[in-house]
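# Analysis of the macromolecular model
Each chain is listed here by its residues.
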Amino acid sequence: MNTTQFLLPARKTIIGCCVFLMMILSVFQELAGQKTLTWTEEQHRPQFHFSPEKHWMNDPNGLVFYDGEYHLFYQYYPEATVWGPMHWGHAVSRNLIHWSHLPIAIYPDSLGYIFSGSIVIDHQNASRLSVTPEHPPMVAIFTHHDPQGEKTGTQTFQSQSVAWSADRGRTFQKYQYNPVIQNPGIRDFRDPKVIWHRPSAQWILVLAAYDKVMIYGSKNLTDWNFFSSFGVDGDHRLWECPDLFPIKVEKTGEEKWVLITSIQKGAPNGGTGTSYFVGDFDGKNFIADPSAQQWLDYGTDNYAMVTWSNITDGRTLAMGWMSNWQYAQQVPTKNWRSAMTLPRELTLHKIGNQYKLYTMPVKELEQLYQTNLPVYSGHVPSDGLLYKQQTLSRILVSAEESPASEVKIQFSNALGEELVAGFDPHKKTFYIDRSNAGESNFFPGFASRHESDPVTSDGPFVWEILLDQSSVEIFGMKGECAMTDIFFPTKPFSAASIVCQDADRKNLKIQVNSMNSIWKDHEK
Ligand code: FRU
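Residues numbered from 1 in each chain as written. Predicted model: local features only at pLDDT ≥ 70, side-chain atom pairs only at ≥ 80, totals over all residues. Heavy atoms only, no water.

### Some thoughts on the sheet that holds strand β10 (residues 202-209)
Spatial strand order, β9-β10-β11-β12: four strands in an open sheet with antiparallel pairing. Taken across any chain shown, the strands that pair with only one partner, and hence form the sheet edges, are β9 (189-197) and β12 (225-231). This sheet shows a mean twist of 25° between the axes of neighbouring strands, independent of strand direction. Direction of pairing for β9 relative to β10: antiparallel, over a ladder of seven bridges. Along β10, the bridge assignment pairs Arg190 with Ala208. (Pairing = 2+ DSSP bridges. Helix = DSSP H or I, 4+ residues; strand = E, 2+ residues; numbered from the N terminus. Axes fitted to C-alpha atoms, helices over the stretch in contact; angles between N-to-C directions.)

Have a look at this one:
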């Protein structure tokens, strides 16, 4: 035997032993909670939704498109996985789908924590904040929340302030004469959202003032005049994170205004939720149409949804915080808490006499659809099984007409846990049932079934379902009905089946795509 013949098998044995030892070590590290799991391994980590690298996140803030980048700032507490002194975290994306995490953008200061707010690009430098005219200032308008003032029982501990950036949001300076809107004596006075109002050539700001919205105007983003307020007689629930924007009605091109307001109590399926009014805005007053307040989402987990500013392709794009204040701080994730909804396109439709805001995932999401895997495309298979080895999927169910009986999609794992999404054609409602979808003992009532209001649009039946590791979003009738729910299975849901009556079996068409993870590159 020559030396090479002897060394080769020996080397193989040594390598084999090393691999074996590393595997044992990794198992021990995992058991001891020391191993850093990659983002595709971490339990519950959303794979195609934005989540912070670590620690606590709530509302999206300062959504703005600038110089080819979609910015996502967000309420962030960098020292724990529960709410605390608020900063603005920051991420950017060039396609609304793949996000890069950036350092914290705005820190608390002597005036207090940095609560929710918005960003605009001051193209004309009317604010005179920028000293280099080739870089228009990116201006953040946010709430300063003074925790000392709150403790000492004053009513005036929230006021509106400005910070600006000349380097594409990488660093911000606070305006030296903050706050720019003093508190008029209202305990809950926060979450300014600013838009450019072309007809009156000025900035318009809406903020939540307890149970109503207050509207202000300014020519320069730092001097603000109060114009009007809008509320609902007899409704004294707490409003947060308003948004006001014009939008053209599909097919007719008529322009209407939408006022979004998030509500802290009494959402259709409990806790916090995002609502809206459709109406008109004359530059000073918002006048709602007689139709009542409507819900933007019938699930439990879409709060503080607001739109992007400075979008140049005419779309209205929005994102919400995918949780609910009822249990956001108790959900069983380890290193981080909360994710955002998918970015969505909002469109306005007139059905009969009523205007309705539809929401659909942005078309950019299609780049994550995988087509090379054995997923189902056709009519309902006889055993109903759509797949049994995927964890992320998009399912599109359609038919010329509404199904005759109930249709359900069941996502399940080997432990018998399941998440069910369904449509009831008799009531014309969609629902999500997470009553047996995994961990739920962190909040009584988390294990529950949520149902939408009846849909009203005619036309073909279209129902899209997007399943991530710990969330499901459903879009019924091309976005007339949106529902967003989170859940926490002990093991990922890896199989999906459709359940329907024979009469519907031949009419329903199903297309299933598995989805790519947006974090694959993150791990390279
Ligand atoms: C909404 C909200 C806002 C506030 C922020 C604080 O979720 O309560 O009203 O600005 O969160 O983090």
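### Regarding the site of the ligand
In the vicinity of the ligand, the residues found are Asn58, Asp59, Gln75, Trp83, Met86, Phe115, Ser116, Arg190, Asp191, Glu240, Tyr303 and Trp325. In this structure, Asp59 approaches the ligand through a side-chain N or O atom, which is 2.7 Å from an oxygen atom. Side-chain polar atom of Trp325 to an oxygen atom of the ligand: 2.8 Å apart, as the coordinates give it. Its free accessible area being 320 Å², the ligand has 96% of it covered by the protein chains. When contributions to the shell around the ligand are tallied by element, the ones reaching two or more residues are β1 (55-66), β5 (113-121) and β9. Partitioning the shell around the ligand into residue classes produces five nonpolar, three polar and four charged. (Near = heavy atom within 4 Å. Polar contact = N/O pair within 3.5 Å; in protein donor to acceptor, adjacent residues only side chain to side chain. Areas by Shrake-Rupley, 256 points an atom, 1.4 Å probe, with all protein chains shown as cover. Nonpolar A, V, L, I, M, F, W, Y, C, P; charged D, E, K, R; others polar.)

### Describing the domain arrangement of the protein
The domains assigned to the protein are domain 1 (55-361) and domain 2 (369-523). If you average the C-alpha positions of domain 1 and of domain 2, the two centres end up 30 Å apart. Each partner contributes to the interface: domain 1 provides 30 residues, whereas domain 2 provides 31 residues. The largest per-residue losses of area from domain 1 upon contact with domain 2 belong to Tyr298, Pro332 and Tyr358, which jointly make up 22% of the total buried on that side. One can count three salt bridges joining domain 1 with domain 2. The salt bridge partner of Glu480 is Lys356, with a shortest N-O separation of 2.7 Å. Counting across the interface, domain 1 meets domain 2 through 17 residue pairs in polar contact (both at pLDDT 80 or more). When residues of the side of domain 1 that touches domain 2 are traced back to their parent elements, those giving at least two are β21 (344-351) and β22 (354-361). (Domains from an automatic or database assignment. Contact = heavy atoms within 4.5 Å. Buried area = accessible area lost by both parts, 1.4 Å probe. Salt bridge = Lys/Arg side-chain N within 4 Å of Asp/Glu carboxyl O.)

### Quick word on the pattern of salt bridges
All chains considered together, the criterion is met by 22 salt bridges. Close ionic contact of Asp67 with Arg168 constitutes a salt bridge, the shortest N to O distance being 3.8 Å. Of the two residues, Asp67 is situated in the loop between β1 and β2 (69-77) and Arg168 in the loop between β7 (158-165) and β8 (173-174); the sequence distance between them amounts to 101 residues. The exposure class assigned to Arg168 is partly exposed, which follows from its relative accessible area of 31%. Put simply, Glu451 and Arg449 hold a salt bridge, and the shortest N to O gap is 2.9 Å. According to the relative accessible area criterion, Arg449 is partly exposed, its value standing at 39%. One network of salt bridges, in which partners are shared, links Asp67, Glu69, Arg168 and Arg170. (Buried < 20%, exposed > 50% of the residue type's maximum accessible area, 1.4 Å probe, protein only.)

### Focus: unusual backbone geometry
Cis rather than trans, the peptide bond between Asn178 and Pro179 has omega equal to -5°. Topologically, Pro179 is positioned in the loop between β8 and β9. Positive phi is not limited to glycine here, since Lys428 has a value of about 60°. Its location among the elements puts Lys428 in the loop between β28 (418-424) and β29 (429-436).

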